[in-house]
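# Chain and residue survey
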Amino acid sequence: MSLVQRITVLGATGSIGLSTLDVIARHPDRYQVFALSGHSRLQELLGLCVRHRPQVAVVPDDQAAEWLTTGLRAEGLVTEVLVGEAGLCDVAAAPEVDAVMAAIVGAAGLSPTLAAVRAGKKVLLANKEALVMSGALFMQAVRDSGAVLLPIDSEHNAIFQCLPGDFGRGLEKVGVRRILLTASGGPFRRTPLAELAEVTPEQACAHPNWSMGRKISVDSASMMNKGLELIEACWLFDVRPEQVEVVVHPQSVIHSLVDYVDGSVLAQLGNPDMRTPIANALAWPARIDSGVAPLDLFAIARLDFEAPDEVRFPCLRLARQAAQAGQSAPAALNAANEVAVSAFLERRIRYPEIAGMIEDVLNQQAVVPLADLGAVFDADARSRQLAERWLQQHGR
Ligand code: NAD
Ligand code: MG
């Protein structure tokens, strides 16, 4: 193996993709970009190709491929352009690739992320929806292929850093009592409940501590993000939902904690900048500079904690129920949420209807076992259909 690791960045034009490329560019001696993918921001993708000179770029369709190819050739680049989900799976599994950053948002990332897992790559997992949808099958694929799965979500990366190297033996065996998953509480932590019906997508996307894509920003406002992360933690660390406690911590300095049976509680702290978990996972088990400023505890001065309010954040309750029900419930939850969040961003529903719609849609379907990936996609499609029907009846 060469010393330089070749990286595929799925979702390169997004918030995580750009932070990943920022870290990679700081270490040309260690990392080289093999492939980049983008879905809608083609001009940005072209700019990234000029800057990082990947061997392959992936776009959604033939028209986008033609546009990008023309742009690339005009820049004197020979980058090959692939198309669609097949192209994404190709660059995720290509033999030249050492590590794959899975940073596509939502269910669209499942197939390419799994392609990387099945090819036994080092998989840096930002695309939590993929794991939420297919948890048991996903983790089985990791075990079967010997892929190295490293969490990028800041909370899970924090937990990973606070666990001993042999945590795969089982958290009880290594003396863990609980996982404490921190949450900022988002922009509506203190908004009077009566005003929530009037909040706008812009307000929902203005997160107090983190700058992120629009979908995860809305998820953070509703705390569905924490619900998805609860499910994500159960799969990554093989714990039951009851062993994961959500702690609202508005400063977003402690990224999560692990509570051990001897009373020790280990936490990982840092500035809220995704380049820290990205650098941690890229270089693991080594440490590299991420470009993130050192933490200034005197400037932060205090850290606050409070219990989550499930009346204010019903999505957290819905996600916990789905985690407990298991099987198809998390996939159904995720699909309904994806439809609800897009509808909110398009102003077809109001903010409180996100949770209302998801609950109605989940009540309309049975929880079924997920024997294979086909069943996962069926559960996703069924829940999307019910959600679309709900929108036709109640949306604007
Ligand atoms: P984003 O919206 O900024 O970027 C999403 C990326 O996915 C873009 O490159 C886009 O082109 C691509 N994409 C969108 N739809 C696609 C489709 N149908 N097919 C192929 N590609 C598609 O999102 P983000 O904030 O970077 O988040 C990406 C993932 O990382 C999400 O799963 C999110 O939950 C997770 N995550 C993000 C953060 C963060 O700080 N942004 C933190 C933790 C986890
Ligand atoms: Mg997170």
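Summary of the structure given here. Quantities reported herein were computed from a predicted structural model and do not represent experimental measurements.

## A closer look at the coordination of the magnesium ion (ligand 2)
Tetrahedral coordination by four donors sets the ideal angle at the metal to 109.5 degrees; octahedral coordination by six donors sets it to 90 or 180 degrees. Taken together, Asp153 (OD), Glu155 (OE) and Glu229 (OE) make up the protein donors of the magnesium ion (ligand 2), found 2.1 Å from the metal. Taken in chain order, the donor set of the magnesium ion (ligand 2) reads D-x1-E-x73-E. Since its relative accessible area comes to 8%, Glu155 is described here as buried.

## With respect to the side chain of Ser134
Among the secondary structure elements, Ser134 is positioned in helix H6 (residues 128-145). Separated by 3.0 Å, the side chain of Ser134 and the backbone oxygen of Ala130 make a polar contact. With near-sequence residues (within four places) excluded, Ser134 lies in contact with Leu110 and Val376.

## Examining the packing of helix H9 (residues 214-222) against helix H14 (residues 329-345)
Helix packing geometry: the angle between the two helix axes and the distance between the axes. At their nearest, the axes of H9 and H14 sit 10 Å apart, and the two run at 100° to each other. Overall, the two elements H9 and H14 adopt an arrangement that is roughly perpendicular. On H14, the residues that touch Arg214, Lys215, Val218 and Asp219 of H9 are Asn334, Asn337, Glu338, Val341, Phe344 and Leu345. Residue composition of the contact of H9 with H14, grouped by class: 4 nonpolar, 2 polar and 4 charged.

## Points about the packing of aromatic side chains
Enumeration over the complete set of coordinates arrives at 5 aromatic pairs. Each ring, one from Phe167 and one from Phe237, has its centre 5.7 Å from the other, and the planes form 65°; the classification is edge-to-face. A residue pair is termed long-range when its members are at least 10 positions apart, and Phe167 in the loop between helix H7 (154-162) and strand E8 (176-183) and Phe237 in helix H10 (residues 224-237) qualify at 70 residues. Accessibility classification places Phe167 together with Phe237 in one group, the buried group. Between Phe344 and Tyr351 the ring centres are 6.0 Å apart and the planes differ by 70°, which places this aromatic pair in the edge-to-face class. Each residue in the set Phe160, Phe167, Phe237 and Trp284 is aromatic and connected to the rest through ring pairs, giving one cluster.

## Some details on the sheet that holds strand E11 (residues 265-269)
With mixed pairing, the 4 strands of this open sheet are ordered in space as E9-E8-E10-E11. The open sheet has two edge strands with one neighbour each: strand E9 (244-248) and E11. Neighbour-to-neighbour, the strand axes of this sheet turn through a mean angle of 20°, independent of strand direction. Here strand E10 (residues 254-260) runs beside E11; their pairing, made up of 5 bridges, is antiparallel. Residue pairing for E11: Asp259 is matched across the bridge by Val265.

Calculation criteria
Residues numbered from 1 in each chain as written. Chains lettered and ligands numbered in written order. Predicted model: local features only at pLDDT ≥ 70, side-chain atom pairs only at ≥ 80, totals over all residues. Heavy atoms only, no water. Donors = N, O, S within 2.8 Å, 3.2 Å for Na, K, Ca; no water. Buried < 20%, exposed > 50% of the residue type's maximum accessible area, 1.4 Å probe, protein only. Helix = DSSP H or I, 4+ residues; strand = E, 2+ residues; numbered from the N terminus. Polar contact = N/O pair within 3.5 Å; in protein donor to acceptor, adjacent residues only side chain to side chain. Contact = heavy atoms within 4.5 Å. Axes fitted to C-alpha atoms, helices over the stretch in contact; angles between N-to-C directions. Parallel < 35°, antiparallel > 145°, perpendicular 65-115°, else oblique. Nonpolar A, V, L, I, M, F, W, Y, C, P; charged D, E, K, R; others polar. Phe/Tyr/Trp six-rings, centres within 6.5 Å; stacked < 30°, edge-to-face > 60°. Pairing = 2+ DSSP bridges.

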